[in-house]
Amino acid sequence: MEPILTVRDLRMGFDTEDGFVQAVDGVSFDVYPGEVFSIVGESGSGKSVTALTLLGLHETPPARIQGGEVLWKGRDLLAMSESDLRKVRGREIAMIFQDPMTSLNPVHTIGRQIGEMARIHEGLNKKEARTRAVEMLDLVGIPNAAQRVDSYPHEFSGGMRQRAMIAMAMSCRPGLLIADEPTTALDVTVQAQVLEVLLDLKDQVDSSIMLITHDLGVVAGLADRVMVMYAGRQAELGTVDEIFYRTRHPYSLGLMASLPRLDDVHRTPLLPIEGQPPSLIRKPSGCAFHPRCRFARLPEPCATDEPSLRLVDGDAHQAACHFAEELESSTLAHPREGRG
Amino acid sequence: MTPSAGDGPAAQHASMSTDASDLSMATSEPTSFWADVWRRFKRNRLAMVGLGLIVLIVLLAVFAEVITKYNPGTIDPIHKRESPSLKHWFGTDQLGRDMFSRVIFGARVSLRVGIFATAIATVIGVVLGSLAGYYGGWIDGLIMRITDIFLAFPYILAALAIIAVIGTGERTVILVLGLLGWLAIARVLRSTILQIKETEYIDAARALGCSDFRIITRHILPNAIQPVIVYATLFTGSAVLSEAALSFLGVGIQDPTPAWGLMVARGKNFLSVSPHLLFFPGAAIFLMVMAFVFVGDGLRDALDPRLK
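The rules behind the values
Residues numbered from 1 in each chain as written. Chains lettered and ligands numbered in written order. Predicted model: local features only at pLDDT ≥ 70, side-chain atom pairs only at ≥ 80, totals over all residues. Helix = DSSP H or I, 4+ residues; strand = E, 2+ residues; numbered from the N terminus. Rg over C-alpha atoms; globule rule 2.2 N^0.38 Å. Buried ≥ 20, exposed ≤ 12 C-beta atoms within 10 Å, placed from the backbone. Contact = placed C-beta atoms within 7 Å. Pairing = 2+ DSSP bridges. Domains from an automatic or database assignment. Axes fitted to C-alpha atoms, helices over the stretch in contact; angles between N-to-C directions. Parallel < 35°, antiparallel > 145°, perpendicular 65-115°, else oblique. Left-handed = near helix turned anticlockwise from the far one by under 90°. Nonpolar A, V, L, I, M, F, W, Y, C, P; charged D, E, K, R; others polar. Expected span 1.5 Å × (residues − 1). Bend = angle between axes of the 7 residues up to and from the residue. Core = buried A, V, L, I, M, F, W, Y, C linked by C-beta atoms within 7 Å. pLDDT = per-residue confidence, 0-100.

## Concerning the overall build of chain A
Here is step 1: Broken down by element type, chain A carries twelve helices and twelve strands.
Here is step 2: The C-alpha atoms of chain A give a radius of gyration of 21 Å, which matches the 20 Å a tight globule of 340 residues would have.
Here is step 3: Here the C-alpha coordinates of chain A stretch approximately 65 × 50 × 40 Å along the principal axes.
Here is step 4: Expressed as a percentage of the 340 residues in chain A, the buried residues total 49%.
Here is step 5: Within chain A, contacts between residues at least 6 apart in sequence are counted, and of these 64% link residues at least 24 apart.

Here is the structure:
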């Protein structure tokens, strides 16, 4: 299957007073039609920045794109003019944001904001746009959509607002929906419902989802493929099963070990990743993760050579670790089960 | 809202009913933003007094011909500077013209000047303030330097200078006040937009394909316009005052047009013998400016969500 989105060697960053922040450093990946592609990492790992770069949503300056290609259905988004890019945004690639409390405009009704998409991109008139808004609200499971369409955002709860955001983003049937931490600001009980709506709508409008999150629980339930990012670089890329059960990067492993598990009968303590994410202005030498890595072999090669992303397992499972293959042993990959 | 010990049953009842209405607002009927603003505005007594005054002045100005018995321009040298009487409610001026007619017709001039000067100032201020706030960079720098230059000019002096060049008259006064009045509006709007520009709903609008023009007009301005509305209302009052000042100085409205500032200027020589020549137009200026200030303050409170 042909990918709809191809990113090759994307490198970009921001000029700041303290120096150049290398936020995205040589990232390459594909998104295929109909899949949920998840980008995982800590704050500052470059996941949101990557997504915003695809749509040209950074202000330049301070943002600076150093190189790479972003091919959307064969067209390079990085080379596109602002006015062409505007036609892609919302219509072909839509985006929803983390905080539904602040991502809806407080002075317009929900219906007007949802309908605005169709009015801009499909030239619908006011009445048609309203009808579309009601349909979309209905699709995302807002009861009494015909009445609620005239509500203002402050009259909606957090979960309803995020549903409305999804309705808005999906109203032009985009080929790709970028969801940046879509459930982080929601109650746990509401999270599951919103994710369900997201998946359901994805199938109905036949689009793909790029899910950006730091919540591995969400990833496990939703994603088809996963990309783990650390300090602006890819640490690991593979299917959700490969990432969870045949982990090939110490950082992914660390993320997993710091996750509480409901089925953990042995009450093994959670294992946090020691230390802080590195400065993106002066990254550590060699592998950026080596100062926090439990398996690092110092000084060589971990502190001297930067590991490149390479095929480590199967036909598409890639990792950027010098010792990816050695993580195979079950004691390392599943420390808790090993101890049982 | 908890009724304190001293509250009678009536007060308790009142507080309960407001609680109930707040609740219904939160759960069922969608209420528009402006309905909310009006609800809060109504509670402000001074603002309602101001609004009532403005409505009254507008009605008087519109129906001036119906209300007054005398033509404001008719000279009657035999009955000059008569004190207020049943025949001439506000007395007559130094040329025997009916003061009541002149004050009522003067309201038209003041309202025209206030409204049109404010309209010009608001349009210029909103356009320049939006451009400066939204685009930033050199556009912002250029516009803000222009406002700095304008601010460094003494207001009345600048008005005098411009009028000296292009001549006097009502249109000139409107133009001058409008052209000098947009500075504060542009600055207020720019700083508000700087905050709103960073909000997530603007990011969302951009991410969903809105153009800059649409983002500014549909998403930013409705959120940023509140301080501008307040300022424009207050500016209307100050434009009325400035027109009076310019007319008083002899560079504003010219005789025989009945303008309040001009009437004060002409009457000042008779302060000791015929104080009514100053009192009525002076009181009219005072009432109109005060009305706009009250409404402006009321709007500011009603529009400020933090005071909800």
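## Here's the deal with the pairing of strand E1 (residues 5–16) of chain A
Residue and element names in this part refer to chain A.
Here is step 1: Strand direction decides the pairing type here: E1 and strand E2 (residues 19–31), joined by nine bridges, are antiparallel. Within E2, the position partnered with Thr16 by the bridge is Gly19.
Here is step 2: Where E1 folds back on E2, the antiparallel hairpin that results is connected by two residues.
Here is step 3: Where E1 and strand E4 (residues 63–72) come together, eight bridges link them in antiparallel fashion. Bridge assignment links Phe14 to a residue of E4, and that residue is Ala63.

## Digging into the domain arrangement of chain A
Residue and element names in this part refer to chain A.
Here is step 1: Considered domain by domain, chain A is made up of domain 1 (5–223) and domain 2 (228–339).
Here is step 2: The C-alpha-based centres of domain 1 and domain 2 are spaced at 28 Å.
Here is step 3: Between domain 1 and domain 2, the contact holds 23 residues from the first and 17 residues from the second.
Here is step 4: For the side of domain 1 that touches domain 2, the elements supplying multiple residues, two or more each, are E2, strand E3 (36–40) and helix H8 (216–222).

## A word on the environment of Gln195(B)
Residue and element names in this part refer to chain B.
Here is step 1: Among the secondary structure elements, Gln195 is positioned in helix H8 (residues 170–196).
Here is step 2: Here Gln195 falls in the exposed class, since 11 other C-beta atoms lie within 10 Å of it.
Here is step 3: In this structure, the C-alpha to C-alpha distance between Gln195 and Gly133, residues 62 residues apart in sequence, is 9.0 Å.

## Here we look at the interface of chain B and chain A
Here is step 1: Taken residue by residue, the interface counts 16 residues in chain B and 26 residues in chain A.
Here is step 2: At the level of elements, helix H9 (200–207) and helix H10 (212–248) of chain B are the ones that each hand at least two residues to the side of chain B that touches chain A.
Here is step 3: Examining the composition of the side of chain B that touches chain A, we find that six residues originate from one element, H9(B), more than from any other.

## Details of the sheet that holds strand E6 (residues 93–96) of chain A
Residues and elements named next belong to chain A.
Here is step 1: In spatial order, the strands read E6-E7-E8-E3-E9-E10-E12-E11; together these eight strands make up an open sheet with mixed pairing. Each edge of the open sheet carries a strand with a single partner, namely E6 and strand E11 (310–313). Sheet twist, expressed as the average angle between the axes of neighbouring strands with direction ignored, equals 25°.
Here is step 2: Here five bridges tie E3 to strand E8 (residues 208–213), and the two strands are oriented parallel to one another. By the bridge assignment for E8, Ser38 is matched with Leu211.
Here is step 3: Helix H6 (residues 158–170) contacts E6 and strand E7 (176–180) of the sheet and is inclined by roughly 170° relative to E6.

## Here's the deal with unusual backbone geometry
Here is step 1: Here the bond from Asp255(B) into Pro256(B) is cis, since omega is 0°, no more than 30 degrees from zero.
Here is step 2: For Asn144(A), which is not glycine, the phi dihedral falls at a positive 55°.
Here is step 3: Structurally, Asn144(A) can be placed in the loop between helix H4 (126–139) and helix H5 (145–148).
Here is step 4: We note that Arg173(A) has phi near 50°; this positive angle belongs to a residue other than glycine.
Here is step 5: Tracing the backbone through its elements, the reader meets Arg173(A) in the loop between H6 and E7.

## Some details on the pairing of E6(A)
All names here are of chain A.
Here is step 1: The side-chain alternation of E6 yields two buried faces, one formed by Ile93 and Met95 and the other by Ala94 and Ile96.
Here is step 2: Here E6 runs beside E7; their pairing, made up of four bridges, is parallel. Bridging from a neighbouring strand, Ala94 pairs with Leu177 of E7.

## Regarding the packing of H6(A) against helix H7 (residues 188–205) of chain A
Residues and elements named next belong to chain A.
Here is step 1: Between H6 and H7, whose axes approach to 10 Å, the crossing angle comes to 15°. It follows from the interaxial angle that H6 and H7 lie roughly parallel. Two packed elements cross with a definite hand, and for H6 against H7 that hand is right-handed. Residues Gly158, Gly159, Gln162, Arg163, Ile166 and Met170 of H6 form the contact with H7, whose participating residues are Val190, Gln193, Val194, Val197, Leu198, Leu201 and Val205.
Here is step 2: Residues of the contact of H6 with H7, tallied by class, amount to eight nonpolar, four polar and one charged.

## Section: H10(B)
All names here are of chain B.
Here is step 1: Under the 1.5 Å per step criterion, the end-to-end length of H10 is only 46 Å for 37 residues, more than 12% shorter than the ideal 54 Å.
Here is step 2: Its axis deflected by about 60° at Leu221, H10 carries its strongest bend there, up to four residues before the proline Pro222.
Here is step 3: Looking one or two residues beyond H10, the residue adopting positive phi is Gly250, at roughly 90°.

## Focus on the nonpolar core
Here is step 1: Grouped together as the largest cluster of nonpolar side chains are 172 residues, with contacts concentrated most on Leu137(A), Ile166(A), Ala169(A), Met210(A) and Ile185(B).
Here is step 2: Among the elements that make up this core, the one with the highest residue count is helix H5 (residues 99–135) of chain B (15 residues).
Here is step 3: Mapped onto the domain boundaries, this core takes at least three residues apiece from domain 1 (5–223) and domain 2 (228–339) of chain A.

## Overview of the sheet that holds E1(A)
What links the strands of a sheet is backbone hydrogen bonding, and the strands pair in either a parallel or an antiparallel sense.
Here is step 1: Pairing is antiparallel in the open sheet, where four strands are placed in the order E2-E1-E4-E5 (chain A). Each having just a single partner strand, E2 and strand E5 (75–76) of chain A make up the two edges of the open sheet.

## Side note on the confidence of the model for chain A
All names here are of chain A.
Here is step 1: Averaged over all residues, the pLDDT of chain A equals 84, while 95% of them reach at least 70.
Here is step 2: Mean pLDDT values over the elements of chain A span from 40, in helix H12 (residues 335–339), up to 92, in E3.
Here is step 3: Per-residue pLDDT stays below 50 along residues 330–340; that stretch engages in 15 contacts with residues further than four places along the chain or on separate chains.

## Examining the packing of helix H3 (residues 45–62) of chain B against helix H12 (residues 276–303) of chain B
Residues and elements named next belong to chain B.
Here is step 1: Direction vectors running N to C along H3 and H12 enclose 135°, while the axes themselves pass 7 Å from each other. As the angle between them shows, H3 and H12 are arranged oblique. Considering the relative orientation of H3 and H12, their crossing is left-handed. Residues Leu46, Ala47, Val49, Gly50, Leu51, Leu53, Ile54 and Ile57 of H3 lie in contact with H12, whose contacting residues are Leu287, Met288, Ala291, Phe292, Phe294, Val295, Asp297 and Gly298.
Here is step 2: Split by residue class, the contact of H3 with H12 holds 13 nonpolar, two polar and one charged.

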